[in-house]
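Below, each chain spelled out in residue letters.
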Amino acid sequence: MSPTSPAFVILFVVSLIAAAGNMGLQSVLPNIGRTFGLADTLVAAAFAISALMWTVASPFWARLSDRAGRKNVILIGLTGFVVSMAGFGLGATFGLEGWLAPITAFVLMAIARTVYGVLGSAAPIASQAYVADRTSPEERTQAMSLLASAQGLGTVIGPVLSPFLVLPIVGLAGPMYAFALIGLVVLVVVWKRLPSGDVVRQPTARKDNAGKGLWRDPRVRDFLLYGLLVTSAQAVNIAVLGFHIIDEMAETGLPAAQAQAFIGVAMFAGAAATLMVQWGLIPLLKMQPLALMRWGAGLALAGNLLSMVAPGYFGVVVGYAVVSMGVGFARPGFTAGSSLAVGPGEQGAVAGLMMSLAGLSFLVPPVAGVALYGLGEAAPFGANAVLLAFATAMALLSPTLRRDPHPDLIDTPAPETPPASQPGPEGNR
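What you are looking at is a predicted structure, and each value in this text was computed from that prediction instead of being measured.

Engineer: How do you make sense of unusual backbone geometry when you look at a structure like this?
Structural biologist: Keep in mind that most residues, glycine aside, have a negative phi and that most peptide bonds are trans. Positive phi values are uncommon outside glycine, yet Lys-286 reaches one of about 50 degrees. For Lys-286, the location among the structural elements is in the loop between helix 10 (260-285) and helix 11 (289-309).

Engineer: Help me understand the environment of Ala-336 in this model?
Structural biologist: With respect to the secondary-structure elements, Ala-336 resides in helix 12 (residues 312-341). Under the relative-accessibility criterion, Ala-336 is labelled buried at 0%. It is 9.9 Å that separates the C-alpha atoms of Ala-336 and Glu-139, two residues lying 197 residues apart in sequence. Residues contacting Ala-336, with those up to four places away along its chain left out, are Thr-141, Met-144 and Pro-289.

Engineer: Got a minute to help me understand the pattern of salt bridges in this structure?
Structural biologist: Pairs can form between side chains of opposite charge whenever their charged atoms are close. This structure, assessed with the given rule, holds six salt bridges. The closest approach of N and O atoms between Arg-70 and Asp-133, which form a salt bridge, is 2.9 Å. Of this pair, Arg-70 sits in helix 4 (residues 70-96) while Asp-133 sits in helix 6 (residues 122-133), placing them 63 residues apart in sequence. We classify Asp-133 as buried; its relative accessible area is 1%. For Arg-134, the salt bridge identified is with Asp-133, shortest N-O distance 3.8 Å.

Engineer: Hey, could you run me through the nonpolar core in this one?
Structural biologist: Among the nonpolar cores identified, the biggest contains 70 residues, and Ile-32, Ile-74, Leu-78, Phe-88, Phe-106, Val-190 and Leu-194 are the most heavily contacted of them. For this core, the element with the most residues is helix 1 (residues 6-36), which contributes 15 residues.

Engineer: Would you explain the packing of helix 9 (residues 221-250) against helix 11 in this entry?
Structural biologist: Packed helix pairs are characterised by how far apart their axes lie and by the angle those axes make with each other. Two elements in contact, helix 9 and helix 11, have axes whose closest approach is 11 Å; the angle formed by their N-to-C orientations is 30 degrees. With respect to each other, helix 9 and helix 11 are oriented roughly parallel. Remark: the crossing between helix 9 and helix 11 carries left-handed chirality. Touching Phe-223, Tyr-226 and Asn-237 of helix 9 are Leu-292, Met-293, Arg-294, Gly-296, Ala-297 and Asn-304, all from helix 11. Looking at side-chain class alone, the contact of helix 9 with helix 11 contains five nonpolar, three polar and one charged residues.

Quick notes on the rules
- Residues numbered from 1 in each chain as written.
- Predicted model: local features only at pLDDT ≥ 70, side-chain atom pairs only at ≥ 80, totals over all residues.
- Heavy atoms only, no water.
- Helix = DSSP H or I, 4+ residues; strand = E, 2+ residues; numbered from the N terminus.
- Buried < 20%, exposed > 50% of the residue type's maximum accessible area, 1.4 Å probe, protein only.
- Contact = heavy atoms within 4.5 Å.
- Salt bridge = Lys/Arg side-chain N within 4 Å of Asp/Glu carboxyl O.
- Core = buried A, V, L, I, M, F, W, Y, C linked by side-chain atoms within 4.5 Å.
- Axes fitted to C-alpha atoms, helices over the stretch in contact; angles between N-to-C directions.
- Parallel < 35°, antiparallel > 145°, perpendicular 65-115°, else oblique.
- Left-handed = near helix turned anticlockwise from the far one by under 90°.
- Nonpolar A, V, L, I, M, F, W, Y, C, P; charged D, E, K, R; others polar.

Shown next as structure tokens:
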């Protein structure tokens, strides 16, 4: 699959809009929580159920994409995104306008996020497996990196657009309505334009690993642990960022409502750093998974140490940008590495496991990070430094992360999407 092919462009947009919507929501969430008068830890904890549902549902969507086809599962995920964003916007509006008590409105918002937790993981899992089905091992790392960069671009677009979407009538709920509408347009495009032609495979299992599942499979176990360490640290950075900036700006006399633009700037800096890595450095240096994981964990560690010692708003922005650079290296590293570690029939399963990390990392770490932030400004970054030191050690020492690609993937040509004259099981919708 070429990065310029229509199918890849559509998948790129699917990942982009999901990241933009979620980071746009994340950028306004601290202000919504403080406007409602809720504790910071409650704002973080209310979404743990969404993360739990994401973790539980991811393996199911991975298996379904193997049986029912990648495109169908992408459509399910996009539907969940649209419903969740619209529902979250309605809950925020009811609370901000005083139509419901703040805590009741916030419960509705949490329920809307739970919908995304159940359904939302379907689209990125199926998108990753769609690309893995259609790329050779030599192309896999670059393709996964480019697909991951869609998330980086989304994290630029979401926070940058959000302040402009806080409109007089809908207020802080405006970004959610806008992203729900955009998501609906993308859903229609996928339905009409994404080629079907699914490479439907039954998952395979090794005899010596039967019944264990990939979670305990030695081929991917270290990739999972490394990914969990990195994504957990990133989840803490994201959860703390908005509160950190609001408090830093409060010291200058700026009210919380006017700090939204400064949150957007910080998120833009982080996303721009990620894009510089994934669009510039990785293709230029032709980096492979092991190098990506080593640089990723090391830079993320350095960024958190910088956040502990750098003062003021400028220090917050620079530290977050360095962390984002590290994650920009690390994510395509462990994603492509795990894909290359298993056979063709297990691509959907391993994609589901990698995507379940997003749920696990947002289950406990953000709540713990915000609680630590309440104890001391440097505390969450110190905890992150410990996690990332372990991840760096794994990238340097783990034999699994240095292993060659799965034998079945070596010199295996990528399957091609059937041309328009040869429709797949669903036709050429």
